[in-house]
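Spelled out from the first residue to the last, the chains are:
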Amino acid sequence: MKLVPLRQAQVKYMNCLKAKNFTGLKLLTFKKDRFVQVEPREDGLHLIESGYLNQDVVLDPKDAKKILKDAFNREFPRSTRLYLDE
């Protein structure tokens, strides 16, 4: 797990939809009290949120980018650095 700037984490997070051999990605706040995780399962990509909202969502390919962006903005509104776990 490494500490990265917000913009770098956001680019990696949004590019996970296009990755061919994607194994999973987890972003945590500096205090590690909130996180957003994207992981592949047999029925598609799952978005797991823990923090302001606690939910597990199966991503629909046509709305996936909007859902990922909304979750990112909701969980990390004032963060400047995030922990990245691949």
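Described below are features of the structure shown in this document. Not measured: the values here are computed from a predicted model. (Residues numbered from 1 in each chain as written. Predicted model: local features only at pLDDT ≥ 70, side-chain atom pairs only at ≥ 80, totals over all residues. Heavy atoms only, no water.)

Summed over the entire model, instances satisfying the criterion amount to 3 aromatic pairs. Ring plane angle 35 degrees and centroid distance 5.5 Å describe the contact between Tyr13 and Phe72, whose orientation is recorded as tilted. Of this pair, Tyr13 sits in helix H1 (residues 6-14) while Phe72 sits in helix H2 (residues 64-75), and the two are 59 residues apart along the sequence. Aromatic pair Phe30 and Tyr83: ring centres 6.2 Å apart, planes at 15 degrees, arrangement stacked. One end of the pair, Phe30, is in the loop between strand E2 (25-28) and strand E3 (35-41); the other, Tyr83, is in strand E6 (residues 81-85), and 53 residues separate them in sequence. With relative accessibility at 47%, the residue Phe30 sits in the partly exposed group. Take Tyr83: its relative accessible area is 17%, and that puts it in the buried class. Through successive ring pairs, a cluster of aromatic residues spans Tyr13, Phe72 and Phe76. The cationic tip of Lys26 hangs over the ring face of Phe35; the distance from NZ or CZ to the ring centre is 4.4 Å. (Phe/Tyr/Trp six-rings, centres within 6.5 Å; stacked < 30°, edge-to-face > 60°. Helix = DSSP H or I, 4+ residues; strand = E, 2+ residues; numbered from the N terminus. Buried < 20%, exposed > 50% of the residue type's maximum accessible area, 1.4 Å probe, protein only. Lys NZ or Arg CZ within 6 Å of the ring centre and 35° of its normal.)

To continue, consider the environment of Glu86. With respect to the secondary-structure elements, Glu86 resides in the segment after E6. For Glu86, a relative accessible area of 60% puts it in the exposed group. Separated by 51 residues in the primary sequence, Glu86 and Phe35 have C-alpha atoms spaced 13 Å apart.

The topology assignment puts Glu49 in strand E4 (residues 44-50). The class for Glu49 is buried, based on a relative accessible area of 2%. In terms of polar contacts, Glu49 uses its side chain to reach the side chain of Gln55, at 2.7 Å. Within the structure, Glu49 has its side chain in polar contact with the side chain of Arg74 (distance 2.9 Å). The residues touching Glu49, leaving out its near neighbours within four places in the chain, are Phe35, Val36, Asn54, Gln55, Ala71, Arg74 and Glu75. (Polar contact = N/O pair within 3.5 Å; in protein donor to acceptor, adjacent residues only side chain to side chain. Contact = heavy atoms within 4.5 Å.)

The next subject is the nonpolar core. In this structure, Tyr13, Leu27, Val38, Leu47 and Leu68 are the most contacted members of the largest nonpolar core, which totals 20 residues. Counting residues per element, the ones that place at least two in this core are H1, E2, E3, E4, H2 and E6. By residue number, the principal contributor to this core is H2, which donates 4 residues. Not counting residues up to four positions away in its chain, the partners in contact with Leu68 are Tyr13, Met14, Cys16, Leu17, Val38, Leu47 and Leu59. (Core = buried A, V, L, I, M, F, W, Y, C linked by side-chain atoms within 4.5 Å.)

So, about the pattern of salt bridges. Counted under the stated rule, the structure contains 6 salt bridges. Linking Arg41 and Asp56 is a salt bridge whose minimum nitrogen-to-oxygen distance equals 3.5 Å. Residue Arg41 is found in strand E3, and its partner Asp56 is found in strand E5 (residues 55-58); the two are separated by 15 residues along the sequence. With relative accessibility at 33%, the residue Arg41 sits in the partly exposed group. Residue Asp56 is classed as partly exposed on the basis of its relative accessible area of 45%. The closest approach of N and O atoms between Lys66 and Asp70, which form a salt bridge, is 2.9 Å. With Lys66 and Asp70 both in helix H2, this residue pair falls 4 residues apart, about one helical turn. (Salt bridge = Lys/Arg side-chain N within 4 Å of Asp/Glu carboxyl O.)

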